[in-house]
Amino acid sequence: MQKPPRLGFALLLLALLAACARRETPVELGNRTQVLHQNIGAEPQDLDPHLMQTNAHFNVLMALYEGLTGYDPKDLHPVPGVAERWDISPDGLVYTFHLRADAQWSNGDPVTAHDFEFSVRRILSPKLGSPYAHYFDIVRGAEDFHAGRRADFAQVGVHARDDRTLRVELRQPAPYLLFLLGGFAWMPVHRATVESRGAFDTPYSGWTRPGVLVGNGPFVLSEWRNGDEIVVKKNPRYWGARSVRLQEIHFHLIENADTEERSFRSGLLHLTEFVPASKLATYAESAPEQLQVTPFFSTYLYEFNLARPPFNDPRVRRAFSLALDRAQLAASQPQQHLLPATGLVPPGTDDYRFAGPHALRFDPAEARRLLGEAGYPDGKGFPAVDMHFDTSARHQLFAEVLQQMWQRNLGVRINLANAEGRVFHAERVERKYDLARGGWVGDYLDPHAFLSVHLTGGGQNVAGYANPEFDRLVRAALDQLEKPARHALYRQAEDALMRDLPILPLFHYTSTHLVNPAVRGRYPNLLDYHPYQSMWLEAK
């Protein structure tokens with residue numbers, strides 16, 4: 001007679017079957033609980049909006065802070081933020097902002113006009129060393145205050161008339177001001193929190209760490225695990241909290257694009273920062289609904305160190321530029337739809353298009369002649385030079401193509417030097433390089449967003465370019481109220497920049513992301529800005 005199976009064996013079998021069952025992925029769990037998993041690549045050095053480093057880091061800042069204005073999620077036109085409304089004088093020189101009565105910091109303090117006045121004074125302080133102080137050059141007295149020519153901040157055109165009224169006075173009209181006010185440079189910081197860690201203009205003092213940071217955005221900082229992720233949770237004190245559907249955002253810090261893609265495929269990520277070049281065709285063919293390729297208001301470039309030989313010689317810089325076939329470089333990644341650069345400013349910006357005698361071109365014979373004239377015939381005697389870039393398969397690929405072109409067309413050998421993102425960005429700012437990868441993403445749709453970066457002494461003018469003629473043309477353009485006259489001056493300025501070549505523009509690129517279909521309320525746009533107030537998760 002057969003004995004019945006023992007109960008212990010049955011329980012063990014059930015346990016084994018349960019262990020073999022597929023576990024819910026973070027993405028699936030997030031879809032149920034409104035927890036978004038997004039990769040932002042390299043880890044930020046800080047979460048201080050006045051010291052932001054890369055466009056990807058702006059994602060975290062948009063979650064933690066809010067400016068006077070915000071962005072419509074579909075086309076990014078300015079919408080009310082902390083300011084519920086504003087008045088503009090007939091001459092366009094005075095803006096009066098009326099702040100919401102219910103705007104609060106995450107600790108319950110009211111957000112006031114005085115907070116914005118304090119934050120402007122902070123970013124303009126030379127001691128802080130913000131690379132974005134030039135964004136305030138349009139404000140009356142701001143440039144002189146930042147340069148130390150004026151010591152009294154009361155002479156700067158940003159004044160809190162009372163707790164809920166802020167007056168901004170401009171030196172010249174700036175039709176893009178309302179857009180700028182939603183960006184990182186104009187984001188307010190909580191004075192008591194900043195000063196709890198030292199002087200208000202001490203950089204990297206530690207006030208942006210979990211448990212310390214006080215923000216005014218739709219989310220609050222919960223965790224920051226170095227090298228792993230930054231976690232933010234919904235802010236119940238945010239004035240628009242009722243309309244915020246996401247409960248948490250996990251900003252992952254994966255630098256390797258292949259690892260990032262595998263994480264997306266295995267259900268660890270809803271959103272990627274990049275897509276490996278080798279995977280673009282695969283997704284375009286097999287999962288086009290997950291691949292998002294969008295024109296991007298940006299320029300990929302390299303920066304010369306103008307203080308070091310051999311790139312302190314403009315003939316060498318010109319030779320390196322003429323030796324590059326940008327069309328071939330762009331064609332090396334056909335799925336990315338790259339546009340070869342003829343200048344710095346992306347074409348079609350506010351109907352602007354650069355044309356001038358120094359527009360970028362491919363002319364290897366002239367490149368060799370100039371290099372010989374500089375003392376390096378056929379590349380002989382050219383010193384050892386390192387080309388620095390942050391760790392990424394994409395940056396590595398482009399660097400290798402450039403290396404081969406210079407070897408073939410100039411006879412020079414360039415060494416490739418990659419570094420982890422945070423290290424690379426710190427060394428780049430300190431100019432510890434010969435030739436370094438750079439790039440610029442415009443913060444508003446106007447040529448000024450690109451050209452103003454290279455004004456003498458600008459915080460993002462990493463190459464150290466200084467040209468009074470260029471400075472005069474860029475500033476004079478802002479005085480022109482008519483677009484054709486303003487664009488004519490911008491073209492002259494850009495031609496001077498391309499003549500001197502402190503930078504090496506290569507192409508205008510697209511933003512490429514993998515996006516899980518459950519992500520809703522996120523719309524493609526030129527600046528790749530995506531307000532989290534409008535996003536939610538909904539699995540099909």
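Residues numbered from 1 in each chain as written. Predicted model: local features only at pLDDT ≥ 70, side-chain atom pairs only at ≥ 80, totals over all residues. Heavy atoms only, no water.

Q: Give me the pattern of salt bridges: which residues, what numbers.
A: As enumerated under the stated definition, the model contains 29 salt bridges in all. Residues Glu 143 and Arg 475 are paired through a salt bridge, measuring 2.5 Å at the closest nitrogen-oxygen approach. Here Glu 143, found in helix 5 (residues 142-146), pairs with Arg 475, found in helix 16 (residues 468-478); they are 332 residues apart in sequence, far enough to count as distant. Take Arg 475: its relative accessible area is 27%, and that puts it in the partly exposed class. Between Asp 351 and Lys 483 there is a salt bridge; the shortest N-O distance is 3.3 Å. Highlighted residues: Asp 351 in the loop between strand 13 (339-340) and helix 12 (364-373) and Lys 483 in helix 17 (residues 483-500), separated in sequence by 132 residues. With relative accessibility at 65%, the residue Asp 351 sits in the exposed group. Among the charged side chains, a network of salt bridges with common partners joins Asp 313, Arg 315, Glu 366, Arg 369 and Glu 373. (Salt bridge = Lys/Arg side-chain N within 4 Å of Asp/Glu carboxyl O. Helix = DSSP H or I, 4+ residues; strand = E, 2+ residues; numbered from the N terminus. Buried < 20%, exposed > 50% of the residue type's maximum accessible area, 1.4 Å probe, protein only.)

Q: Describe in detail helix 14 (residues 421-429), supporting the description with residues and values.
A: All buried positions along helix 14 are accounted for by Gly 421, Phe 424, His 425 and Arg 428. Looking straight down helix 14, one finds its buried side chains confined to an arc of 95°; they lie on one side. Considering only its buried residues, helix 14 is in contact with strand 12 (298-304), strand 14 (385-390), strand 15 (414-419) and strand 16 (435-441). The residue sitting at the N-terminus of helix 14 and contributing the capping side-chain oxygen is Glu 420; that oxygen lies 3.1 Å from the backbone nitrogen of Arg 422. Just beyond helix 14, the residue with positive phi is Arg 431, at close to 60°. (Arc of directions from axis to C-beta. Contact = heavy atoms within 4.5 Å. Polar contact = N/O pair within 3.5 Å; in protein donor to acceptor, adjacent residues only side chain to side chain.)

Q: Could you give me a rundown of the layout of surface pockets, with the residues and numbers involved?
A: Of the volumes computed, that of the second largest pocket is approximately 280 Å³. In terms of lining, the second largest pocket is formed by 20 residues, of which the most central are Glu 66, Gly 70, Tyr 71, Pro 531 and Gln 533. If you list the elements that add at least two residues to the lining of the second largest pocket, you get helix 3 (58-64), strand 2 (69-71) and strand 3 (78-80). It is strand 2 that contributes the most residues to the lining of the second largest pocket, three residues altogether. Each residue belonging to the lining of the second largest pocket can be placed in one class, and the counts come to 12 nonpolar, six polar and two charged. (1 Å grid on protein atoms, 1.4 Å probe; cavity = no way out; pocket = protein on both sides within 12 Å on 5 of 7 lines; lining within 4 Å. Points joined across faces, edges and corners; volume = space filled by probe spheres on them. Nonpolar A, V, L, I, M, F, W, Y, C, P; charged D, E, K, R; others polar.)

Q: Just give me the short version of the side chain of His 250, but keep the residues and values in it.
A: Relative to the helices and strands, His 250 is located in strand 10 (residues 248-252). In this structure the side chain of His 250 is engaged in a polar contact, spanning 3.0 Å, whose partner is the side chain of Glu 229. Beyond its immediate stretch of four places on either side in the chain, His 250 contacts Val 35, Leu 36, His 37, Gln 38, Glu 229, Ile 230 and Val 231.

Q: A description of the confidence of the model for the protein chain should follow, citing residues and the corresponding values.
A: Of the residues in the protein chain, 96% have a pLDDT of 70 or more, and the chain-wide mean is 92. Across residues 1-20 the pLDDT falls below 50, and counting only partners more than four positions away or on other chains, this stretch makes zero contacts in the model. (pLDDT = per-residue confidence, 0-100.)

Q: Can you break down the sheet that holds strand 5 (residues 94-99) residue by residue, with the values?
A: The four strands lie next to each other as 4-5-7-6, forming an open sheet whose pairing is antiparallel. Of all the strands in the sheet, just strand 4 (83-88) and strand 6 (158-162) have a single pairing partner and so form its edges. Each neighbouring strand pair of the sheet contributes to a mean axis angle of 20°, computed without reference to strand direction. Bridging between strand 6 and strand 7 (residues 165-169) involves four bridges; their strand directions are antiparallel. Bridge assignment links Asp 162 to a residue of strand 7, and that residue is Thr 165. Packing against the sheet, helix 4 (residues 113-124) makes contact with strand 5, strand 6 and strand 7, and its axis sits at approximately 160° to strand 6. (Pairing = 2+ DSSP bridges. Axes fitted to C-alpha atoms, helices over the stretch in contact; angles between N-to-C directions.)

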